[in-house]
Amino acid sequence: MTTIDDIKQVCVIGAGTMGSQIALQCALSGYAVNLNDAAADALERGMASNRALVGQRVSKGRITPAQGDAALARLQAVPDLADAAGTADFVIEAAFERLDVKREIFATLNDICAPQAILTSNSSTIVISKIVDGTLSDPSRAANFHFFHPATVMKLVEVSKGPATSEETAQVCMEFARRIGKEPVLLEKEIYGFIVNYILGSLSRAAFELLEGGYATAEDIDKALKLGLGHPMGPFELADFSGVDIMYHAMQTRYAETGDPADKPPAILEQMVREGRLGRKTGKGFYDYGHET
Ligand SMILES: NC(=O)c1ccc[n+]([C@@H]2O[C@H](COP(=O)([O-])OP(=O)(O)OC[C@H]3O[C@@H](n4cnc5c(N)ncnc54)[C@H](O)[C@@H]3O)[C@@H](O)[C@H]2O)c1
């Protein structure tokens, strides 16, 4: 069993929005990191954006040029998965949010990784048992390891045990999160959405009920939650920030899975996606930004 002090080499699979910054966070924290992606251009984009992020930190005086260079030297782009993960003590999968993609990756990890390596997924919605059942011969070494966007900035990591995850694996994940400068929370049992998105789902549903029922405007619902509950953003501002389409697809996936009418995406969201009102990225969502941001 890998202990926290055994972890020297990290592998991050998927160099997109999340994976590239997760890899950088680990490298900034002193770990050697192999960053892998199935697409060569995505891997190069991820590495380029990390070089730019390190440059920004250096120019703001948050790290020295030597610290920046050392972090980048610890971070390697490794296009072949067997090379990237074969020597890893801790693997973080951050590939596309598709069960088939993740299961295929974990089946490969089962063959190429050391038997004691800890294998985790950054998935936002797919619990670890669905990924490892039938793909890993030892599922006790796997867990969800869920970062928030942007991963170099947001402090929270949700560590979630599956039914087979060992206590040792969960505790190494918790400590690894701390060692890379994060604040972990532990879910003893897996549940869709973990803590944050589970509760956010209920909150958003209630906000849509009030909006669609004509009880209050989006502006006033957002204002009420900001001033009444101290939330930094209201649910509609958050939808615009994250992407109305992202929210719609997440709800649709959930609805397809449960068939529960309470999970059906609100009609207004579907209409906004059809009309291309996707939030900040298109300049218009629940709010009008006047231009693309
Ligand atoms: N974007 C977010 O805000 C966010 C937040 C938390 C967690 N997540 C989770 O992180 C994961 C990645 O999300 P993202 O937003 O970074 O996606 P993304 O689309 O930006 O990046 C995914 C990357 O994975 C690569 N990829 C796909 N299949 C692969 C394979 N078989 N092997 C190696 N690489 C492969 C793609 O080429 C792409 O570069 C998802 O599971 C998502 O649920 C996303």
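This structure is a prediction, so every number in the text was calculated from the model and none was measured. (Residues numbered from 1 in each chain as written. Predicted model: local features only at pLDDT ≥ 70, side-chain atom pairs only at ≥ 80, totals over all residues. Heavy atoms only, no water.)

Draft legend 1. Broad picture of helix H11 (residues 244-258). Look at H11: 21 Å from first C-alpha to last across 15 residues, which is about the 21 Å you get at 1.5 Å a residue. Taken as a whole, H11 has its buried residues at Val 244, Asp 245, Met 247, Tyr 248 and Met 251. In a view along the axis of H11, the buried residues occupy a sector of 160°, so they form one face of it. Those residues of H11 that are exposed and aimed more than 90 degrees away from the buried face are Ile 246 and Ala 256. If you follow the buried residues of H11, they end up packed against helix H8 (196-212), helix H10 (235-242) and helix H12 (267-274). In the stretch just after H11, Gly 259 is the one whose phi turns positive, near 70°. (Helix = DSSP H or I, 4+ residues; strand = E, 2+ residues; numbered from the N terminus. Expected span 1.5 Å × (residues − 1). Buried < 20%, exposed > 50% of the residue type's maximum accessible area, 1.4 Å probe, protein only. Arc of directions from axis to C-beta. Contact = heavy atoms within 4.5 Å.)

Draft legend 2. Up close: the domain arrangement of the protein. You can read the domains of the protein as domain 1 (4-187) and domain 2 (196-281). Centre-to-centre separation of domain 1 and domain 2, based on C-alpha positions: 29 Å. (Domains from an automatic or database assignment.)

Draft legend 3. Fine view of the site of the ligand. If you check the shell around the ligand, you find 23 residues, and the closest are Met 18, Asp 37, Glu 97, Lys 102 and Asn 122. For the ligand, an oxygen atom lies 3.4 Å from a polar atom in the backbone of Ala 95. With the chains in place, 77% of the 830 Å² that the ligand exposes on its own is no longer accessible. Contributions of two or more residues to the shell around the ligand are made by helix H1 (17-28) and helix H5 (99-112). Here the shell around the ligand takes three residues from H5, the largest share from any one element. Its residues assigned to classes, the shell around the ligand shows eleven nonpolar, nine polar and three charged. (Near = heavy atom within 4 Å. Polar contact = N/O pair within 3.5 Å; in protein donor to acceptor, adjacent residues only side chain to side chain. Areas by Shrake-Rupley, 256 points an atom, 1.4 Å probe, with all protein chains shown as cover. Nonpolar A, V, L, I, M, F, W, Y, C, P; charged D, E, K, R; others polar.)

Draft legend 4. Region of interest: the packing of H8 against H10. Running from N to C, H8 and H10 cross one another at 110°; their axes reach a closest spacing of 10 Å. The angle between H8 and H10 falls in the class roughly perpendicular. Only Pro 235, Phe 236 and Leu 238 of H10 make contact with H8, whose side of the interface consists of Leu 200, Ala 207, Phe 208 and Leu 211. Across the contact of H8 with H10, the residue classes tally to seven nonpolar, no polar and no charged. (Axes fitted to C-alpha atoms, helices over the stretch in contact; angles between N-to-C directions. Parallel < 35°, antiparallel > 145°, perpendicular 65-115°, else oblique.)

Draft legend 5. Highlighting the pairing of strand S1 (residues 9-13). Most of S1 sits inside the fold, with five of its five residues counted as buried. Going residue by residue along S1, you find Gln 9, Cys 11 and Ile 13 tucked away on one face and Val 10 and Val 12 tucked away on the opposite face as well. Taken together, the five bridges between S1 and strand S2 (residues 32-36) define a ladder with parallel strand orientation. Bridging from a neighbouring strand, Ile 13 pairs with Asn 36 of S2. For the handedness criterion, the β-α-β arrangement of S1, H1 and S2 is classed as right-handed. Summarising the sheet, S1 and strand S4 (residues 90-93) pair through four bridges and their orientation is parallel. Residue pairing in the sheet places Val 10 in a bridge with Phe 90 of S4. (Pairing = 2+ DSSP bridges. Right-handed = clockwise from strand over helix to strand, strands pointing away.)

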